[in-house]
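One-letter residues, chain by chain:
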Amino acid sequence: MNEWIFTFGCGQALAGKCVRISGTYGEARQKMMEVFGDKWAFQYSVEEWEKMKNDPDRCWPMEEELDLQSLKEEKGND
């Protein structure tokens, strides 16, 4: 099972945040759509995410990771 990082776009309610979801590429994407609809920006593999995070030339702050289960409970989704 793979893990994926999803980010949110500028101007969206969760801009500057990200969530981690396990599953295949498609399963994770489907779960993201179930919870957030189309209110997110990009899907990254954990490997891609770590590469960006550890890039010595990175000049932007990384998104803060949120707990998906807590967000689902707040929205009333299971």
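Quick summary incoming for the structure in this document.

When helices and strands are counted, the protein chain shows 3 helices and 4 strands. Seen in sequence order, the protein chain has helices and strands lined up from the N terminus as β-β-α-β-α-β-α. For the protein chain, the C-alpha radius of gyration of 13 Å lies close to 12 Å, the compact-globule estimate for 78 residues. Seen along its three principal axes, the alpha-carbon backbone of the protein chain occupies a region of about 40 × 30 × 20 Å. For the protein chain, the proportion of its 78 residues judged to be buried stands at 31%. Put simply, 53% of the contacts in the protein chain that link residues at least 6 apart link residues at least 24 apart. Put simply, the protein chain shows about 5,300 Å² of open surface, and 49% of that area lies on carbon and sulfur atoms. Mean positive and mean negative side-chain charge positions of the protein chain (10 and 16 charges, respectively) differ by 3 Å.

Quick look at the sheet that holds strand β1 (residues 2–7) now. Within the open sheet, the 4 strands sit side by side as β3-β1-β2-β4. Their pairing is mixed. Two strands bound the open sheet, and with one partner strand each, they are β3 (43–45) and β4 (64–66). The mean inter-strand angle of the sheet, taken between neighbouring strand axes irrespective of direction, is 35°. Where β1 meets strand β2 (residues 17–23), 6 bridges bridge the pair, whose relative direction is antiparallel.

So, on to the pattern of salt bridges. By the definition in use, this model includes 4 salt bridges. With its nearest N and O atoms 3.0 Å apart, the salt bridge here joins R20 to E65. Taken together, the positions of R20 in strand β2 and E65 in strand β4 put the pair 45 residues apart, joining distant regions of the chain. By relative accessible area, which is 27% here, R20 ends up partly exposed. For E65, a relative accessible area of 40% translates into the label partly exposed. K39 is paired through a salt bridge with D38; the nearest N and O atoms lie 3.4 Å apart. In this structure K39 comes out as exposed when scored by relative accessible area, which is 52%. Sharing partners across several salt bridges, the network here consists of E3, R20 and E65.

Here we come to the side chain of S45. The topology assignment puts S45 in strand β3. Those residues within four positions of S45 in sequence are excluded, and the remaining contacts are E3 and W4.

Basis of the calculations
- Residues numbered from 1 in each chain as written.
- Predicted model: local features only at pLDDT ≥ 70, side-chain atom pairs only at ≥ 80, totals over all residues.
- Heavy atoms only, no water.
- Helix = DSSP H or I, 4+ residues; strand = E, 2+ residues; numbered from the N terminus.
- Rg over C-alpha atoms; globule rule 2.2 N^0.38 Å.
- Buried < 20%, exposed > 50% of the residue type's maximum accessible area, 1.4 Å probe, protein only.
- Contact = heavy atoms within 4.5 Å.
- Areas by Shrake-Rupley, 256 points an atom, 1.4 Å probe, with all protein chains shown as cover.
- Lys, Arg positive; Asp, Glu negative; His and termini not counted.
- Charge placed at Lys NZ, Arg CZ, Asp CG, Glu CD.
- Pairing = 2+ DSSP bridges.
- Axes fitted to C-alpha atoms, helices over the stretch in contact; angles between N-to-C directions.
- Salt bridge = Lys/Arg side-chain N within 4 Å of Asp/Glu carboxyl O.

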